[in-house]
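A look at the structure
Given next are the chains, with one letter for each unit.
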Amino acid sequence: MRDVTLLDIFNHPIAQKYLNRSGLAHAIAVSYHAFHLAKEYNVDPDIAAKAGLLHDMGHFTWYSNGKWDYDMYKKNDIHPIKGAERAHKLLIRLGENPIKAKTTSLAILFHTDSFLPSNDITRTPLQQVVKWADEKDEEEGGNHHYRKIDFLRAKESIIQLDKLIDEEERKKLSS
């Protein structure tokens, strides 16, 4: 049994603030991609889905003259660092197992190379899955952060993904 579900995370006001800022539709899509890739690469689908959902919660809004400045973002952004910290704090507050919270946060930290001086790090399989999940949903110029999803549809998608994760957990226990 999981300590914290995606719905627990989704319903939290802190998660709502940052998921909406960085793109709720994108976060949910990445969470689904992470779940499916986790099954394919034999990593924990629960942690992968949580990292996928929360991977961009560290985004800052980079604006210049009232308009999104993608170049400024690419040059100065360190959202994985801030996101890993926010996710860890949120998961611990919600009662997540501390090891799972740390593992999830590290997957968020390494989901992109954008803040690293070089991209020669070696990721764990989970960290690689979350990176690939994010890349599967990217759009040019960061447009994936601006796709919209209705709140009720978003919530239903989260509930459905929780059911898929629970099903995987049951399969693991019965084998």
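Structure: see above.
One structure accompanies this document, and this report is about it. (Residues numbered from 1 in each chain as written. Predicted model: local features only at pLDDT ≥ 70, side-chain atom pairs only at ≥ 80, totals over all residues. Heavy atoms only, no water.)

**Examining the pattern of salt bridges**
- Inspection of the entire model under this criterion finds 12 salt bridges.
- One salt bridge connects D162 with R2, and the closest N-O pair in it is separated by 2.9 Å. On the criterion of sequence distance, the pair formed by D162 in helix 9 (residues 151–174) and R2 in the segment before helix 1 (6–11) is long-range, its members being 160 residues apart.
- A relative accessible area of 7% means that R2 is categorised as buried.
- Across the pair K82 and E85 runs a salt bridge whose closest N-O atoms are separated by 3.5 Å. With a gap of three residues between them, K82 and E85 both fall in helix 6 (residues 79–94), about one helical turn apart.
- Residue class for K82 comes out partly exposed when judged on its relative accessible area of 34%.
- Look at E85 and you get partly exposed, because its relative accessible area is 48%.
- Several salt bridges converge on common partners, so that one network encompasses R2, D46, K50, E96, K100, D162 and D166. (Salt bridge = Lys/Arg side-chain N within 4 Å of Asp/Glu carboxyl O. Helix = DSSP H or I, 4+ residues; strand = E, 2+ residues; numbered from the N terminus. Buried < 20%, exposed > 50% of the residue type's maximum accessible area, 1.4 Å probe, protein only.)

**Focus on the packing of aromatic side chains**
- Tallied over the entire structure, the rule returns two aromatic pairs.
- When the ring of Y41 is compared with that of W132, the centres are 5.1 Å apart and the planes differ by 50°; the resulting orientation is tilted. In this pair, Y41 sits in the loop between helix 3 (24–40) and helix 4 (45–54) while W132 sits in helix 8 (residues 125–137), placing the two residues 91 residues apart along the sequence. (Phe/Tyr/Trp six-rings, centres within 6.5 Å; stacked < 30°, edge-to-face > 60°.)

**Quick look at helix 4**
- Burial analysis of helix 4 places 10 of its 10 residues in the buried class, the great majority of the element.
- Burial in helix 4 covers these residues: P45, D46, I47, A48, A49, K50, A51, G52, L53 and L54.
- Where helix 4 starts, the residue carrying a side-chain oxygen 2.8 Å from the main-chain nitrogen of D46 turns out to be D44. (Polar contact = N/O pair within 3.5 Å; in protein donor to acceptor, adjacent residues only side chain to side chain.)

**Digging into the packing of helix 4 against helix 8**
- One way to put it is that helix 4 packs onto helix 8 with a least axis distance of 10 Å and a crossing angle of 45°. With respect to helix 8, the axis of helix 4 lies oblique. Crossing handedness for the pair helix 4 and helix 8: right-handed. Contacts from I47, A48, A51 and G52 of helix 4 reach helix 8 at L126, V129 and V130.
- Residue composition of the contact of helix 4 with helix 8, by class: six nonpolar, one polar and no charged. (Axes fitted to C-alpha atoms, helices over the stretch in contact; angles between N-to-C directions. Parallel < 35°, antiparallel > 145°, perpendicular 65-115°, else oblique. Left-handed = near helix turned anticlockwise from the far one by under 90°. Contact = heavy atoms within 4.5 Å. Nonpolar A, V, L, I, M, F, W, Y, C, P; charged D, E, K, R; others polar.)

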